[in-house]
Amino acid sequence: VAPMLIHSARILASIVVILLTTVGAESSAQSLEESLLKEPLATLAADARSAGDPVRGAAAFYARAMACSGCHSVGDRSGSIGPDLTKLGAQTSDVDLVEAILLPSKTIAAPYATVHIETVDGKVYAGVLAEENAKQLVLRDAAQPERLISLEKSAIEHRQTAEQSIMPAGQI
């Protein structure tokens, strides 16, 4: 198993497990996410690093309810609409991973930003930019990542990059 996958799985599982065991009755009216957001991200990352369980993290990653594996690959396929978690590299810290999970719209890497297109004939498209050249652009449909939408640039009336991440908030 790739080290970055184990690392990412450990971080995800630890955030959930640590907070499930430390959030007391006084915060029962709060969501887990609200409780987590009150903690310093560096503390959550350190706790996840020291007490993480990669098996539980992988189970969370592949759980249908979490939907992580629907958008992120772990070196097992191309054409994902989210980053391949085995290729994050040393520049991505534990704190960065915690922040990306809890606050997905805070920082959106350009290759994963949603692009909204309106064509001159009034059609509307949205997806992640897969390719672009001087004459056309190709979007990867977020709902069906294997579906590519090719558009001639001359047919585009309006183009806007979304400020909201395609990754939904509230995953925890």
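Here is a short report on the structure shown in this document.

Rules of the game
- Residues numbered from 1 in each chain as written.
- Predicted model: local features only at pLDDT ≥ 70, side-chain atom pairs only at ≥ 80, totals over all residues.
- Heavy atoms only, no water.
- Helix = DSSP H or I, 4+ residues; strand = E, 2+ residues; numbered from the N terminus.
- Buried < 20%, exposed > 50% of the residue type's maximum accessible area, 1.4 Å probe, protein only.
- Contact = heavy atoms within 4.5 Å.
- Salt bridge = Lys/Arg side-chain N within 4 Å of Asp/Glu carboxyl O.
- Phe/Tyr/Trp six-rings, centres within 6.5 Å; stacked < 30°, edge-to-face > 60°.
- Axes fitted to C-alpha atoms, helices over the stretch in contact; angles between N-to-C directions.
- Parallel < 35°, antiparallel > 145°, perpendicular 65-115°, else oblique.
- Nonpolar A, V, L, I, M, F, W, Y, C, P; charged D, E, K, R; others polar.
- Arc of directions from axis to C-beta.
- Polar contact = N/O pair within 3.5 Å; in protein donor to acceptor, adjacent residues only side chain to side chain.

Comments concerning the environment of Val115
No. 1: Within the secondary structure, Val115 is located in strand β1 (residues 114-119).
No. 2: On the accessibility criterion, Val115 (4% relative accessible area) is buried.
No. 3: When the C-alpha positions of Val115 and Val128 are compared, they lie 5.9 Å apart, and in sequence the two are 13 residues distant.
No. 4: Once residues lying within four places of it in the same chain are set aside, the contact partners of Val115 are Tyr125, Ala126, Gly127, Leu129, Leu139, Arg159, Gln160 and Thr161.

Things to note about the environment of Val95
No. 1: Following the sequence through the fold, Val95 ends up in helix α6 (residues 94-102).
No. 2: Of the residues examined, Val95 reaches a relative accessible area of 31% and is grouped as partly exposed.
No. 3: It is 7.8 Å that separates the C-alpha atoms of Val95 and Leu44, two residues lying 51 residues apart in sequence.
No. 4: When near neighbours in sequence (up to four residues on either side) are disregarded, Val95 contacts Leu41, Ala42 and Ala45.

Quick word on the pattern of salt bridges
No. 1: Under the counting rule described, the total for this entry stands at five salt bridges.
No. 2: Here Glu132 and Arg159 are joined by a salt bridge, their closest N and O atoms 2.6 Å apart. Taken together, the residues Glu132 in strand β2 (residues 124-132) and Arg159 in strand β5 (residues 156-161) connect sequence positions 27 residues apart.
No. 3: Using a relative accessible area of 36% as the deciding quantity, one classes Arg159 as partly exposed.
No. 4: Residues joined in a network through salt bridges with shared partners are Glu132, Lys153 and Arg159.

Topic: the packing of aromatic side chains
No. 1: If you walk through the whole model with that rule in mind, you get one aromatic pair.
No. 2: Ring centres of Phe61 and Tyr62 lie 4.8 Å apart, and the angle between their planes is 90°; this geometry places the pair in the edge-to-face category.
No. 3: The buried category is assigned to Phe61, whose relative accessible area is 5%.
No. 4: A relative accessible area of 44% means that Tyr62 is categorised as partly exposed.

Some remarks on the packing of helix α3 (residues 41-51) against α6
No. 1: Look at α3 against α6: their axes get within 8 Å of each other, and the N-to-C directions meet at 110°. On the basis of the axis angle, α3 is roughly perpendicular to α6. Listed contacts from α6 to Leu41, Ala42, Leu44, Ala45 and Arg49 of α3 are Asp94, Val95, Val98, Glu99 and Leu102.
No. 2: The class makeup of the residues in the contact of α3 with α6 is seven nonpolar, no polar and three charged.

Considerations on α3
It helps to recall that an α-helix has 3.6 residues per turn; residues three or four apart then point in one direction.
No. 1: Turning to α3, its buried residues are Leu41, Leu44, Ala45 and Ala48. One side of α3 carries all its buried residues, which in axial view fall inside an arc of 100°.

Focus on the side chain of Asp94
No. 1: Position of Asp94 among the secondary structure elements: in helix α6.
No. 2: What makes Asp94 buried here is its relative accessible area of 17%.
No. 3: Side chain to side chain, Asp94 and Arg49 meet in a polar contact 3.2 Å long.

Everything listed here is a matter of geometry and, on its own, says nothing about what the molecule does.
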